[in-house]
Every structure is written in structure tokens, then in C-alpha cells.
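# Structural characterization, general
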Protein chains: 2
Amino acid sequence: MSAAGAFSLDQLMELAGLACAQTVAKVYNKEKYPRVLVCCGPGNQGGDGLVAARHLSQFGYAPVLFMPKPGGKDIYKRLQTQCANMSISLLPNEDPIVSLSTSLQSTDVILDAIFGFSFKPPVRAPFDAVLPLIAQSGKPIVSVDIPSGWDVEKGKISVATKEVSSAGQVGGDKEFEGLDPDVLISLTGPKLGVKQFAGRHFLGGRFVSKAMEEKFELNLPEYPGYEQIVELPRPSSL
Amino acid sequence: MSAAGAFSLDQLMELAGLACAQTVAKVYNKEKYPRVLVCCGPGNQGGDGLVAARHLSQFGYAPVLFMPKPGGKDIYKRLQTQCANMSISLLPNEDPIVSLSTSLQSTDVILDAIFGFSFKPPVRAPFDAVLPLIAQSGKPIVSVDIPSGWDVEKGKISVATKEVSSAGQVGGDKEFEGLDPDVLISLTGPKLGVKQFAGRHFLGGRFVSKAMEEKFELNLPEYPGYEQIVELPRPSSL
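In this report, we go over the structure that sits alongside the text.

Here is what the cut-offs are and how they apply
- Residues numbered from 1 in each chain as written.
- Chains lettered and ligands numbered in written order.
- Predicted model: local features only at pLDDT ≥ 70, side-chain atom pairs only at ≥ 80, totals over all residues.
- Heavy atoms only, no water.
- Pairing = 2+ DSSP bridges.
- Helix = DSSP H or I, 4+ residues; strand = E, 2+ residues; numbered from the N terminus.
- Contact = heavy atoms within 4.5 Å.
- Axes fitted to C-alpha atoms, helices over the stretch in contact; angles between N-to-C directions.
- Buried area = accessible area lost by both parts, 1.4 Å probe.
- Least-squares fit on C-alpha atoms with pLDDT ≥ 70 in both.
- Disulfide = S-S within 2.5 Å.
- Buried < 20%, exposed > 50% of the residue type's maximum accessible area, 1.4 Å probe, protein only.

## Overview of the sheet that holds strand β5 (residues 141-144) of chain A
Residues and elements named next belong to chain A. If you walk across this open sheet you meet the eight strands as β3-β2-β1-β4-β5-β8-β9-β10, and the pairing is mixed. Two strands close off the open sheet at either side, each with one partner strand: β3 (89-90) and β10 (229-232). Judged from the three bridges that link them, strand β1 (residues 36-40) and strand β2 (residues 64-66) form a sheet pairing that is parallel. Considered in β2, the bridge of V38 is made with L65. Helix α2 (residues 44-59) rests against β1, β2, β4 (109-113), β5 and β8 (183-187) of the sheet, and its axis sits at about 155° to β1.

## Overview of the interface of chain A and chain B
Taken together, the contacts link 33 residues of chain A with 33 residues of chain B. Buried area between chain A and chain B, summed over both chains or domains, comes out near 2800 Å², and the portion from carbon and sulfur atoms is 54%. When the buried area of chain A at its contact with chain B is split by residue, Q11, Q58 and Y226 of chain A rank highest and sum to 25% of it. Of all elements in the fold, only α1 (9-27), α2 and α3 (74-85) of chain A reach the threshold of two or more residues within the side of chain A that touches chain B. The dominant element in the side of chain A that touches chain B, judged by the number of residues it contributes, is α1 of chain A, at eight residues.

## Re the relation of the copies chain A and chain B
Placing chain A over chain B gives an RMSD of 0.0 Å and needs a rotation angle of 180°, together with 0.0 Å of translation along the axis. Read as a symmetry element, the transformation amounts to a two-fold axis. With an isologous cut-off of 70% or more, the 100% of interface residues of chain A that recur at the interface of chain B puts this contact in the isologous class.

## Section: the state of the cysteines
All names here are of chain A. Scanning all chains against the criterion turns up zero disulfides over all chains. Looking at C40, it has no disulfide partner, and the nearest cysteine sulfur is the one in C39, 7.4 Å off. Exposure remark for C40: the relative accessible area of 1% places this residue in the buried category. C83 forms no disulfide, and the closest cysteine sulfur to it belongs to C40, at a distance of 7.7 Å.

## A short note on helix α5 (residues 127-137) of chain A
All names here are of chain A. Burial runs high along α5: eight of the 11 residues are buried. Looking only at α5, the buried set comprises F127, D128, A129, V130, L131, P132, L133 and I134. Looking at the residues trailing α5, positive phi occurs at G138, about 75°.

As C-alpha cells, then:
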């Protein structure tokens, strides 16, 4: 997500993160899926995750933050403080893989805000163990913009990761093809790489002007009423 | 609206303005009420109005901005630029009262983002003619946080304004008791002064933490699902 026009990153991230939280809430109701593990990468997508965690808490969920490499930007730190002020739990980072494997057992749904559209291999530690561990958990996954480990244009690619036991013991090398989310929330517009994504697909980030939409031939679907998210048709029905 | 905790004004204003736009959209559908005149004061409430105008444009309305005294803050200027980038019309300020009186004839609903909770008399020019002119128009009014001209604690008070003809000719002095909106959108919590407000009343600004809510005994109602606004019961049914 980049700051476009006269928008500040604070504004764009707020609307993007709200759309992510609303997508989780749309698909996974808080009675059955209260415990949302919000996994944040170190970049702007991690910021979207932090905003989403805060809104999920407002919606009555019990989000838990997993942030093994907190971002260094000022906005990231402010978003972290906002979550702390709302008493949102944060997994300890002393041994993040063990923390994650323990937490996954009591998680109902995972929000994947780890890597965004600018991701390029290699997958660095600890994410080379985080991604396979999340994939192995079998828990429902909602990915932000592009599933973590996918290429923004090519979609699924093979990346080098690690073997991980369900107890969080990291072993040898393992080829991995990225997360397989159940739900995807594309921001501003779907990226080329998710063309073949077959799960439930939402669009958020309702701040693109008509002029921009026409200039880049985005052909965005119409959002209903004052909604901040819209569900897209499945590829088979296109 | 003040920046609280680690929130930036950009974030709070974005959520507040979104709630204002959603309230307009909830009550006045865009097929019957497409032309929303968004009246902005020079302070933070004017900023909420600018954000609302942008979202209303996204929702498919045709907002027009009336901003006879644009605010001087950087955020105000950025919000103005964002509206201009979305091709949102702005009434000319050469003779604001004549502009306003002409525009009111082709307006379906007015969003009153003129004065906020920090308003204290006197009502300065040109707002001493703007307020009576809006009141005389008979058009539906949605007020933000506190109807313009009301005192945040005392509610309706008498303020000195001007006589204005429907053509926008300003005359002698006139006592005035503030706008009488059909709809009110309170931000974060209803203010003491609107206790007797009898129209449709919404609450927005869903960013108050449980801890803050308890500390200030706000007794806020529960928002439904992932909504950013909630309608409050009328005083008679309390």
C-alpha cells in the first residue's frame, strides 16, 4: 500500500486495516471464532494488521498480535501503542516459533498480514519457520492483499523455508509454496498474482478516485451502499 | 474532536468523517437525495466535513463543499486537496452568502460541519448570515456532534446573527437559537447539550477503548457487528 495523492499513510492504513477487520468479521463470527491471531510483518502490511487488530477488538473479538519483527517506522510504533492501550495481547518474541506454535492451538482464525505486494524471496528468519507452521496448523486463514509467500505477479512460487515440528522445533530446509488462505482481502484492487485464488475474495480500500480507476483501467466492482468491503465473484463464475 | 492516546488526528478524523458520511447515507438515500451540501467551519469539525464529503463521493452522492473560511492547519489543506483530486465541487467564496443561497435551491440535504463542541458566541461573519440562511432553507440537516450555534453543555442558546433574504441579502441584527437538524451524529459520545435533541440520533467514532469508556462512565451503546455507526433511542423512549 503506498500513500497516493494527498492521502497520508495514517489515513490509508486506517481504511485498509478497517476493511481487513470487517472481512474477518464478515466471514468468521465472533461467537464461534473469537480468537484471531493477527500475524504482522515488519512492513506496511504489518501496519494494516495492527489497525485490523484494534478494530477487531472494538468489534468484540479477542485478537492476539504476533509480531516477531516489529517495524521500525514511527507509524508502526504508534499503531503498536494504540493496540497496547486497548489491552490487546502480544505474543512474546523471546522464542517466536515456540510462542507461535503454542498460540496456534488456541486460535480460531489467522489474519495473515506478513508479506505484502513488494515481497521477494528469500523468506528470512524467523518467517521461514513462521509460514510453514501457520500452513500446518490447519486453522482458517484470511490473507491481506496477497497470501504471504506468493509473488505479486506470478502468484504461487516455490520458496526456501524450514521444516518445523508442531511443537515449534525448527529443522532442515523445505520447499514451500506460500500460504493457502480461505479468504483474501485485496486492497484497492486485486493483484495479478491472485487471479487463480479460488477462496472467498473481498475488495477493500475504498479510496480510489474515479479518475485513477479509469486511468489505470482497474474496473473495480461497485461497493454496496456505504460499505468499505465488497465480495468478488469466484473465478469459476467470472 | 481531539487527538487522544497514540492516535493521530488523521486517523481520528478519517473514522469520524466516515461515520458522518455513513449517517447521511443511512437516512438519505442517494437516489432521492444525491446533492449533499457539506458546510465546513474553519476548525477540526470542518475537517470531519471534508472527510465526509470524500466518502459521500465514493458512495455515489454528488457532494458540494461550502467552506467560506477554510482552516489554516496542514491537515485541513490536505483534506481539501483530496476532495479536489476527487473532483468534488467547491462553492466560490467571493460572495459566500449569495453562493450559498443559490446553491441551497439545488441541495437535497445539508451536512452541518460548521461549529463543534468548542463553539462559544459570538457567531462571527460570515457564519452570522450562513446559519440563519441554512435554517430558513427548510432542507433536511444532518449536524455533526452538536448542532451549529448550540452550546456543548447548555444546548440551545440565543446568539446574535443577521437577517438574510432568500436571495442572500444580509440585513440587520436578529436573535437566533442555532440550527434545528433532523439528524445528529455524535462523535465518541453524545454531549450534554444534545440531551433534548428529538430527531434521529446516531453515534460514531468507534475508537474509544473499554478502559476510557469505564474511566469516563460513558455508557456507550453497543455497535452492531462491524458497523461504524449506531442509532440511539429517542429521548421519549429512554
